[in-house]
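Descriptive analysis of the structure
As a plain string of letters, each chain reads:
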Amino acid sequence: HRRFDYRPKTDPYCQARYTFCPTGSAIPVMREEDVIEVYRLQAPVWEFKYGDLLGHLKIMHDAVGFKSSLTGKNYTMEWYELFQLGNCTFPHLRPGMDAPFWCNQGAACFFEGIDDAHWKENGTLVLVTTISGTMFNEMAKWVKYDNETGIYYETWTVQASPDKQSIVWFDSYECSKFILRTYQKLADLGAVFKKIQTNYTSIILFSGEPIYLGNETSIFGPQGNKTLAAAIRDFYYPFKPHRTVREFFVDLLKIIDRVILNHQFYLFYNLEYWFLPMKFPYLKIVYEEVPLPVGSKTSFGV
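From a predicted model like this one, the values you see are computed outputs, not experimental measurements.

Let's shift gears to the overall build of the protein chain. Helix and strand counts for the protein chain stand at eight helices and eleven strands. Taking 302 residues into account, the globule formula puts the C-alpha radius of gyration at 19 Å, and the protein chain, at 21 Å, falls close to it. Overall, the C-alpha framework of the protein chain stretches about 65 × 40 × 40 Å when taken along its three principal axes. Here the protein chain, with 302 residues, has 48% of them falling under the buried criterion. Partitioning the contacts of the protein chain with sequence separation of at least 6, the portion at a separation of at least 24 is 76%. Roughly 15,900 Å² of accessible area belongs to the protein chain as shown, and the carbon and sulfur atoms make up 55% of that amount. Charge-centre separation for the protein chain: the mean point of 31 positive side chains lies 2 Å from the mean point of 33 negative side chains.

This next bit is on the pattern of salt bridges. Inspection of the entire model under this criterion finds 13 salt bridges. Between D116 and K120 there is a salt bridge; the shortest N-O distance is 3.9 Å. Of this pair, D116 and K120 both sit in helix 3 (residues 116–122), four residues apart, which is roughly one turn of the helix. Linking D171 and K177 is a salt bridge whose minimum nitrogen-to-oxygen distance equals 3.7 Å.

What follows concerns the environment of G221. Positionally, G221 belongs in the loop between helix 6 (216–220) and helix 7 (226–236). By relative accessible area, G221 is classed as buried at 17%. Sequence separation between G221 and A99 is 122 residues; the distance between their C-alpha atoms is 8.2 Å.

This structure, assessed with the given rule, holds two disulfides. For C14, the disulfide goes to C103, at an S-S distance of 2.1 Å. Residues C14 and C103 are joined through a disulfide that is left-handed, its torsion about the S-S bond being -85 degrees. Taken together, the residues C14 in the segment before strand 1 (35–44) and C103 in the loop between helix 2 (84–89) and strand 4 (106–112) connect sequence positions 89 residues apart. Just as C14 is buried, C103 falls in that class too. The side chain of C21 participates in a disulfide bridge whose partner is C109; the two sulfur atoms lie 2.0 Å from each other. Classification of the bridge connecting C21 and C109 rests on its S-S torsion, roughly 80 degrees, and on that basis the disulfide is right-handed. One end of the pair, C21, is in the segment before strand 1; the other, C109, is in strand 4, with 88 residues separating them in the sequence. The buried category is assigned to C21, whose relative accessible area is 15%. What makes C109 buried here is its relative accessible area of 2%. With cysteine numbering restricted to those in disulfides and following the sequence, the protein chain has the pairing 1-3, 2-4.

Below, the discussion takes up helix 8 (residues 245–261). Note: α-helices contain 3.6 residues per turn, so residues at a spacing of three or four share the same orientation. A rise of 1.5 Å per residue sets the reference length of helix 8, with its 17 residues, at 24 Å; its end C-alpha atoms lie 23 Å apart and thus fit the reference within 8%. All of the buried residues along helix 8 are D251, I255, R258 and V259. Looking down the long axis of helix 8, one finds its buried residues gathered within 80 degrees of arc, a one-sided arrangement. Among the exposed residues of helix 8, those pointing more than 90 degrees away from its buried face are V245, R246, L253 and L261. Residues of helix 8 that are buried sit in contact with helix 7, strand 10 (264–269) and strand 11 (272–289). Count one or two residues on from helix 8 and you reach H263, which has phi positive near 55 degrees.

Let us look at the confidence of the model for the protein chain. Model confidence for the protein chain is summarised by a mean pLDDT of 92, while 96% of its residues fall at 70 or above. Across residues 298–302, where pLDDT falls below 50, the model places 13 contacts with residues more than four positions away in sequence or in other chains.

Conventions we followed
- Residues numbered from 1 in each chain as written.
- Predicted model: local features only at pLDDT ≥ 70, side-chain atom pairs only at ≥ 80, totals over all residues.
- Heavy atoms only, no water.
- Helix = DSSP H or I, 4+ residues; strand = E, 2+ residues; numbered from the N terminus.
- Rg over C-alpha atoms; globule rule 2.2 N^0.38 Å.
- Buried < 20%, exposed > 50% of the residue type's maximum accessible area, 1.4 Å probe, protein only.
- Contact = heavy atoms within 4.5 Å.
- Areas by Shrake-Rupley, 256 points an atom, 1.4 Å probe, with all protein chains shown as cover.
- Lys, Arg positive; Asp, Glu negative; His and termini not counted.
- Charge placed at Lys NZ, Arg CZ, Asp CG, Glu CD.
- Salt bridge = Lys/Arg side-chain N within 4 Å of Asp/Glu carboxyl O.
- Disulfide = S-S within 2.5 Å.
- Expected span 1.5 Å × (residues − 1).
- Arc of directions from axis to C-beta.
- pLDDT = per-residue confidence, 0-100.

Shown next, in the form of structure tokens:
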């Protein structure tokens with residue numbers, strides 16, 4: 001996943017149904033001698049609206065919590081879509097614009113407090129390590145860098161097959177990946193993690209070797225490939241929001257026809273388009289263990 005030099009301003013066309021990070025605050029500077037508990041937080045996606053519904057499918061959202069022993073204050077940190085998951089996964093086809101229009105930025109959110117009920121009721125709230133105030137402050141600097149340079153949400157992992165050793169053509173870039181990066185940073189700073197099982201959700205597409213198609217200018221620009229441009233727009237059209245149940249099922253049949261019967265998928269990744277020759281089983285949601293990290297430095301003795 002590519003790093004960028006800066007975060008571009010979002011277009012006013014991109015609108016969120018739920019405000020991004022409504023109570024967000026700056027990350028505080030902790031006192032060096034503070035001892036801070038670090039918590040693994042996980043709950044079903046959209047738990048606030050649908051309860052445990054998506055938990056049954058193991059579609060989970062991840063975050064990390066902190067508790068300062070000196071002040072007693074709790075904090076939550078997470079990374080998610082600015083304009084909800086649908087906008088990050090599929091584009092808008094706007095009238096008068098040839099190229100699909102993406103509202104696919106993601107960002108970190110930090111705020112005071114941990115909503116215990118939200119994480120405990122259908123998910124996980126468990127202590128994973130303890131760090132010093134110095135380590136927390138170093139992590140905060142890294143979060144700022146990570147947030148300013150890793151700016152686009154990517155829903156899909158793309159693999160060659162369901163085998164454990166399968167080639168990964170494209171890796172996702174979403175909430176769990178941010179938490180894994182944060183844990184690794186803390187481990188590198190000296191944090192020693194508990195030996196507990198930690199699982200994360202991945203939504204995987206299965207594909208033969210991807211074919212590079214080009215970027216927005218080379219495909220949709222004045223000298224672009226009009227046939228390819230039309231094929232990409234045509235592919236994304238059925239994924240639009242639906243007003244009626246009938247409309248949804250008509251478009252669902254089109255999606256099945258393209259993806260499963262004709263083995264076609266167009267992926268937008270790092271601002272470039274790729275063609276995926278789809279393979280059985282086409283799509284799978286997995287909830288797999290990723291162990292807590294082991295650091296590259298000796299512990300600070302916390």
